[in-house]
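Observations on the model geometry
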Amino acid sequence: MKTQLKKGTLDMCVLAVLAQADSYAYELVSKLSQGMDISEGTIYPLMRRLQNESWVSTYLVESSSGPSRKYYKLTDTGRSELETMRREWQEFVVEVENVLRGSPEETGQ
């Protein structure tokens, strides 16, 4: 179940990290792995998809210790999507908590 929940919330988590600051893929993995199990192999396809959705844009930054790094930046569309996701997540958490506490009347049933 945890794996499925992570898959469903990973976009939101990545967008939330990028809302704090632009980042490159390895740095994103490092930040996310402080709170969840994620591999570098997971992030690249995800970032391509987020870029295709126009939720992030990219730019290159020269590196003194190797090739240029591709940084990801949250777009206005991505910021708006993040707010929608956050709202939906909060609603979902409340619904699940109500069921777990045995309060179905609060879930609208």
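Notes on the structure follow.

Procedures and definitions
Residues numbered from 1 in each chain as written. Predicted model: local features only at pLDDT ≥ 70, side-chain atom pairs only at ≥ 80, totals over all residues. Heavy atoms only, no water. Helix = DSSP H or I, 4+ residues; strand = E, 2+ residues; numbered from the N terminus. Axes fitted to C-alpha atoms, helices over the stretch in contact; angles between N-to-C directions. Parallel < 35°, antiparallel > 145°, perpendicular 65-115°, else oblique. Left-handed = near helix turned anticlockwise from the far one by under 90°. Contact = heavy atoms within 4.5 Å. Nonpolar A, V, L, I, M, F, W, Y, C, P; charged D, E, K, R; others polar.

1. With respect to the environment of Val61
Tracing the chain through its elements places Val61 in strand E2 (residues 56-63). With 37 residues separating them in the primary sequence, Val61 and Tyr24 have C-alpha atoms 9.6 Å apart.

2. A closer look at the packing of helix H1 (residues 2-20) against helix H4 (residues 76-101)
Between two packed helices, the angle of one axis relative to the other and the distance separating the axes together describe the packing. Relative to each other, H1 and H4 sit at 125 degrees, their axes nearing to 10 Å. Taken together, the axis directions place H1 and H4 in an arrangement best described as oblique. Two packed elements cross with a definite hand, and for H1 against H4 that hand is left-handed. Counted together, Thr9, Asp11, Met12, Leu15, Ala16 and Ala19 of H1 and Gly78, Arg79, Leu82, Met85, Arg86 and Trp89 of H4 form the full contact between these two elements. For the contact of H1 with H4, the class distribution of residues is seven nonpolar, two polar and three charged.

Remember that the coordinates give geometry; whether it matters functionally is a separate question.
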